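# Reading the structure
Residue strings, one per chain:
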Amino acid sequence: MKFIFVTGGVVSSLGKGLTAAALGTLLENRGLKVALQKFDPYLNVDPGTMSPYQHGEVYVLDDGAETDLDLGHYERFTNVKLTRMNNLTSGQVYQTVLNNEREGKYLGKTVQVIPHVTDEIKNRIHALAEKSKADVIITEIGGTTGDIEGLPFLEAIREFALEVGYHNAIFMHVTYVPFIKAAGELKTKPTQQSVAKLREIGIAPHVLVCRCERPLDKDLRHKISMFCNVPLEAVIEEKDVDHSIYEVPLMLQRERVDELVCRLLQLTTPAPNMTHWQEIIRKLIAPQHRVRVGVVGKYIGLQDAYKSVYEAIIHGGVANDCGVEIVQVDAEDIEKNGAEKMLKGLGGILVPGGFGERGIEGKILAAQYARENKIPYLGLCLGMQIATIEFARNVLKLPKAHSTEFDANTPNPVIAMLDDQKRVTKKGGTMRLGAQPCQLTVGSQAGQLYGSFVIHERHRHRYEFNNAYREKFEKAGFVFSGLSPDGKLVEVIELKDHPFFLASQFHPEFLSKPHQPHPLFKGFIAAAHLRIHHVPL
Ligand code: GLN
């Protein structure tokens, strides 16, 4: 078994996760079984309790783990199925070590960062290796080299590489080569210093992936090679992509990074066949059709908050050979300016998941606008609850209808807390989480789109449709097209007499990949595109 450790230098947000995922794509296409893992040095046990402003989206796995959004890249770029084993935080490490200490597992010893914390980190790599039976494990270390909190992780991977031996582990450092406008030059000094920082702790990178806005010329590559002590061929250019993040695997392939990695790890494999991937890129760069859809949220302008939603929309576009322009609409702007002004001309409207009251009324106006003007609507989790509240208020004429999340005293709680949640007092990891089965109704639009009637989708919520209102809704044309197998929980709703108005209590965006676009997003973009081109559905 072989190990690749991916670290980052100079600044955060360099796209280490993407680089790790893209390398995973290439290695998988060389016929290797790959596993990917992310270490996060913060002290939260998981990112589930963090605001999207702090952390971006929380990515949910089948087993209900709330994880870092880089795990979303891993699942989208490869065929790996991740579990909570694949994301480790300092919080988890310390929790385990402290529990062990209380149980007396270290009796007689002083418990220290080295070896107890570092051993715990190494254990997690071994555990994944054993469970995944992968040929290659790619472990990404979050944060930036030089961060105090990242040190135990770097020490652990240094020791780990030593223990598994030469040719079995390599270090890949993703670094930044900025272009300084005033000088008109790319500068290598930050990279040199970042590598020096790594070497100080005993890690000499084998491969340097250089993120840059402009191409690295030969002289610059020589300079980086010389000063950072890596062979020339291991200085990899990773320029900003022109169109799409899905170009990254092809870019790395052109730089022969997969070939180099395999050589360093003594893996003999055929060259990867990336033709299907090239076809995806073709559809992204030169699609036959184009459409604009609006995403109505409250973390607008924060690229990472709805990461998987944006990606799944793009995949829906790929499935329809349709380029999608995503218009990010701030729900509070709808409250100020009205729906017509903010949403006119869009092919489709999507309301994603969310928590808290801010922007709720704007989202309700967006759902109303979509329903009344027959604009395709896709609601995800909160987006389904919003569609329900809107229908109750404007069709069922219950003007004070609401979710008890936002108005505990509403006379018409059409969305209410899940029974199981009423006993919950702690906030971390306690929502209804992870993959749950759902039964779709024969003849429903959801059933047609999925092409099957039992589906499994990922959840993350505390509130649900209030069954006391089912009959009333049904009579007015609100269709419950997906239910939990016991029939108790509403999972998918749709509207009769509307070309496409569909919403789910789950998060379909977590299961979409560029090469396997999710059926709901595929259907949504098809409907949006048809509407704009006036073709009746
Ligand atoms: N806040 C809502 C709930 O807890 C919706 C959650 C979500 O959109 N993920 O049920």
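Report on the accompanying structure. (Residues numbered from 1 in each chain as written. Predicted model: local features only at pLDDT ≥ 70, side-chain atom pairs only at ≥ 80, totals over all residues. Heavy atoms only, no water.)

## Section: the site of the ligand
Spelled out, the test is: Any residue with at least one heavy atom within 4 Å of a molecule or strand is counted as near it. We call two N or O atoms a polar contact when they sit within 3.5 Å, provided that within protein one can donate a hydrogen and the other can accept it, with sequence-adjacent residues counted only if both atoms are side-chain atoms. Using the Shrake-Rupley algorithm and a 1.4 Å probe, accessible areas are obtained, with residue cover drawn only from the displayed protein chains. Helix and strand definitions follow DSSP, with helices as H or I runs of at least four residues and strands as E runs of at least two, each counted in order from the N terminus. Under this grouping Gly is polar, as are all residues other than the nonpolar Ala, Val, Leu, Ile, Met, Phe, Trp, Tyr, Cys and Pro and the charged Asp, Glu, Lys and Arg.
Near the ligand, the surroundings consist of Gly353, Gly354, Phe355, Cys381, Leu382, Gln385, Glu405, Arg460, His461, Arg462, Tyr463 and His507. Here an oxygen atom of the ligand and a side-chain polar atom of glutamine 385 are 3.0 Å apart. Compared with its free state, where it exposes 300 Å², the ligand has 98% of that area covered by protein. Where the shell around the ligand is concerned, the elements lending two or more residues are helix H16 (382–394) and strand S19 (454–461). Its residues placed into classes, the shell around the ligand shows four nonpolar, five polar and three charged.

## Focus on the sheet that holds strand S1 (residues 2–8)
Across a sheet, strands are paired by hydrogen bonds formed along the backbone, either parallel or antiparallel in direction. Convention followed: A pair of strands is labelled paired if DSSP reports no fewer than 2 bridges between them. Simply put, an axis is a line fit to the C-alpha atoms, just over the touching stretch for a helix, and the angle between two N-to-C directions goes from 0 to 180 degrees. It only takes one pair of heavy atoms within 4.5 Å for two residues to be counted as in contact.
As summarised here, the arrangement of the seven strands in space is S5-S2-S6-S1-S7-S10-S11, forming an open sheet in which the pairing is parallel. Sheet topology places strand S5 (87–89) and strand S11 (235–239) at the edges, where each strand pairs with a single neighbour. Sheet twist, expressed as the mean angle between neighbouring strand axes with direction ignored, is 20°. Strands S1, strand S2 (34–40), S5, strand S6 (136–141) and strand S7 (169–176) of the sheet are contacted by helix H6 (residues 151–164), whose axis makes an angle of about 155° with S1. Sheet contacts for helix H10 (residues 257–264): S1, S7, strand S10 (207–212) and S11; angle to S7, the most-contacted strand, approximately 150°.

## Some remarks on the packing of helix H7 (residues 189–200) against helix H8 (residues 218–228)
This is how the line gets drawn: Roughly parallel refers to an angle under 35 degrees, roughly antiparallel to one over 145, roughly perpendicular to one between 65 and 115, and oblique to any angle outside these ranges. Left-handed is the label given to a crossing in which the near helix is rotated counterclockwise from the far helix by less than a right angle, and right-handed is the label when the rotation is clockwise.
Contact pair H7 / H8: the axes reach a minimum separation of 10 Å and the direction vectors enclose 25°. What the angle tells us is that H7 and H8 run roughly parallel. Between H7 and H8 lies a crossing of right-handed hand. In this structure, H7 contributes Thr191, Gln192, Val195 and Arg199 to the contact, and H8 contributes Lys223, Ile224, Phe227 and Cys228.

## Brief notes about the layout of surface pockets
Rules: In this analysis the probe radius is 1.4 Å and the grid spacing 1 Å, with only protein atoms considered; a cavity is a set of points the probe fits into but cannot get out of, a pocket is an open set with protein on both sides within 12 Å along at least five of seven lines, and lining residues have an atom within 4 Å of a point. Grid points are joined across faces, edges and corners, and a volume is the space filled by probe spheres set on the points.
Approximately 990 Å³ is the volume attributed to the largest pocket. For the largest pocket, the lining is made up of 38 residues, of which Ser13, Leu14, Gly15, Leu69 and Asp304 are closest to its centre. The set of elements that each furnish at least two residues to the lining of the largest pocket consists of helix H1 (16–28), S2, helix H2 (52–55), helix H3 (70–77), S11 and helix H9 (248–254). It is H2 that provides the largest number of residues to the lining of the largest pocket, a total of four residues. By residue class, the composition of the lining of the largest pocket is 13 nonpolar, 11 polar and 14 charged.

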